[in-house]
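Below, each chain spelled out in residue letters.
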Amino acid sequence: MTRYIFITGGVVSSLGKGLTAAALGALLQARGYSVRLRKLDPYLNVDPGTMSPFEHGEVFVTDDGAETDLDIGHYERFTGVSARSSDCISSGRIYSSVLERERRGGYLGQTIQVIPHVTDEIKNFIREGDGETDFMLCEIGGTVGDIEGLPFYEAIRQFALDNEFGKCLFIHVTLVPYLEACSELKTKPTQHSVKELQSIGISPDILVCRSEQTLPSKEREKIALFCNVKPSSVVSAPDLPNIYEAPVSYHEQGLDHAVLNGFAMDLNSPVKLEPWAEVGNRISTVKGEVRVAIVGKYTGLEDAYKSINEALIHGGIANQVCVRSEWIQAEVFEQEDPTPYLESCDAILIPGGFGERGSEGKIKAAGFARAHKIPFFGICLGMQMAVIEMVRSLVGVKNAGSEEFDHERNVSGGTVRSFEPVVYHLAKWQQGNETVSRSVDDDKGATMRLGAYRACLAEGSRVAEIYQAVDVSERHRHRYEVNTRYREELESHGVKFSGMSPDGQLPEIVEIPDHPWFIGVQFHPELKSRPFNPHPLFADFVRAAFVQSHLL
Ligand code: GLN
């Protein structure tokens, strides 16, 4: 039997609900149970694929090619369970599916209403995969009281009622702020938030209270009394030095105990938290520090590169070093010399991205890393920029560019290609035995090369050695590909196309063997990195950065 845990948030956004859900998932696994985590987002976009990273942080891509919320990344990193497209649901997706069915005549002439049609659709999504795992954890995005969220709250209320007693549990994550002026922790916002939830028919079973410090028992008891829960169901969630301490901290504060108690399950099952304690230990006892320059576009918002950040931390865990990321706006290099910014860094990383802004700056940064023999990691757009730089500098094609941002120009009636398309738009490619096609005029949503694709690595290449494999599968999210037209010339200048798609058509990895560490990948390795199982490319990149730090 699958038990359902619904996680809602109150008082303010950005409380770390996703992290609470992920850490609880890990805790239940540590108790020997299987879990799946799901995110129900009230916004109207069909998926986050078309949202700017400034709006919504990074887009996390699953193996099956869904463009999902960044919380799905937390779930995967904490539980190691690969998410599926059915694990991320938005109002937009719910409404489009309801409306599609209505157009097909699927409702036999009924008037379509939020209750029951939309709420039924939400319940069907929640129920998908029922029976596969011991627990299904569903996080509701946003904050209780948001207009868009109402159908979701209503659906989970009904869901608990539809099922037998004891199958569902509601956890509400709130904030208990500390007011400096009166030196007091304030429980009123939590009380109000619980009231709001109760007014729509949901009584939370457990309250997870976020605060700067651990909540003293006086406040816990007060919250319990006013919010109609047992004091043992008020779990304190203090700020932590790093997120990977959350499972151990939540256990100490009694979250797994409260959950199992809520379901009347065995409280004495052994808890295997040693691996988490070990991760926390390795982060706090480092033997050095490396500085990695990240030259990108969305540098003002860390969430925009969440998985890159985490994968670097995992690489640090593997090498027991602390990774300091230095975020640099690529545009800066279009006006200024990169030397003062980059010469003292131990490594340079260019992450994925979209659009022209800053591209020339990224090309300069890749060139700097290549010429000054600084470890370099180019991810997706980062690899494309590195290849353009090498075609310009090594092969001498000065107008090498990308179809993403260089366009054909109309000159006195004729079309003139003002650039050489080293990165170009591919119309057809293979996915397993299927041919997939796309056009530049397609919708912008979900029309990229998305999800897991295999890559074949050249025997004896550096990447084959790092992966300890010649056949790998990695997640993709891009519209453009590196053109193989310059492959031979680049190879004669010491650049190796060391990873290709299985049909040999699409470059997946380029490397420079005669360089301390220069690797570009067309995919997103950061999405598959885990604290216990750091991605080999990130682990080796941080190792190379550490070696470099001793050279300076
Ligand atoms: N904008 C590039 C493309 O669409 C790279 C995408 C990315 O870095 N994820 O091909």
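Being a predicted model, the structure only gives us computed values, none of them experimental.

## What about the pairing of strand β15 (residues 376-379)?
- Burial along β15 is two-sided: the residues F376 and G378 and F377 and I379 are all buried.
- Bridge count between strand β14 (residues 347-350) and β15: 3 bridges; the pairing is parallel. Note that in β15 the partner of L349 across the bridge is F377.
- The β-α-β motif built from β14, the intervening helix α15 (residues 359-371) and the parallel element β15 has right-handed crossover chirality.

## Regarding the site of the ligand
- The environment of the ligand is made up of G352, G353, F354, C380, L381, Q384, E404, R477, H478, R479, Y480 and H524.
- Separating an oxygen atom of the ligand from a backbone N or O atom of Y480 is a distance of 2.8 Å.
- Here the ligand loses 99% of its free accessible area of 300 Å² to cover by the protein chains.
- Of all the elements in the fold, those that place two or more residues in the shell around the ligand are α16 (381-395) and β23 (471-478).
- In the shell around the ligand, the residues fall into 4 nonpolar, 5 polar and 3 charged.

## A word on the pairing of strand β25 (residues 496-500)
- Judged by how many residues are buried, β25 sits mostly within the fold: 4 of 5 residues are covered.
- The sheet contact formed by β25 and strand β26 (residues 507-511) spans 3 bridges and is antiparallel. Each bridged residue has a counterpart across the sheet, and for M500 the counterpart in β26 is P507.
- Counting the residues between successive antiparallel strands, the hairpin from β25 to β26 contains 6 residues, one of them, G504, with a positive phi of roughly 75 degrees.

## Some details on the state of the cysteines
- Applying the stated criterion to the full structure yields 0 disulfides.
- Here C138 stays unpaired: no disulfide links it, and the sulfur of C168, its closest cysteine neighbor, is 8.9 Å away.
- With relative accessibility at 0%, the residue C138 sits in the buried group.
- The thiol of C227 is unpaired, and the distance to the nearest cysteine sulfur, on C209, comes to 7.7 Å.

Here is what the cut-offs are and how they apply
- Residues numbered from 1 in each chain as written.
- Predicted model: local features only at pLDDT ≥ 70, side-chain atom pairs only at ≥ 80, totals over all residues.
- Heavy atoms only, no water.
- Buried < 20%, exposed > 50% of the residue type's maximum accessible area, 1.4 Å probe, protein only.
- Helix = DSSP H or I, 4+ residues; strand = E, 2+ residues; numbered from the N terminus.
- Pairing = 2+ DSSP bridges.
- Right-handed = clockwise from strand over helix to strand, strands pointing away.
- Near = heavy atom within 4 Å.
- Polar contact = N/O pair within 3.5 Å; in protein donor to acceptor, adjacent residues only side chain to side chain.
- Areas by Shrake-Rupley, 256 points an atom, 1.4 Å probe, with all protein chains shown as cover.
- Nonpolar A, V, L, I, M, F, W, Y, C, P; charged D, E, K, R; others polar.
- Disulfide = S-S within 2.5 Å.

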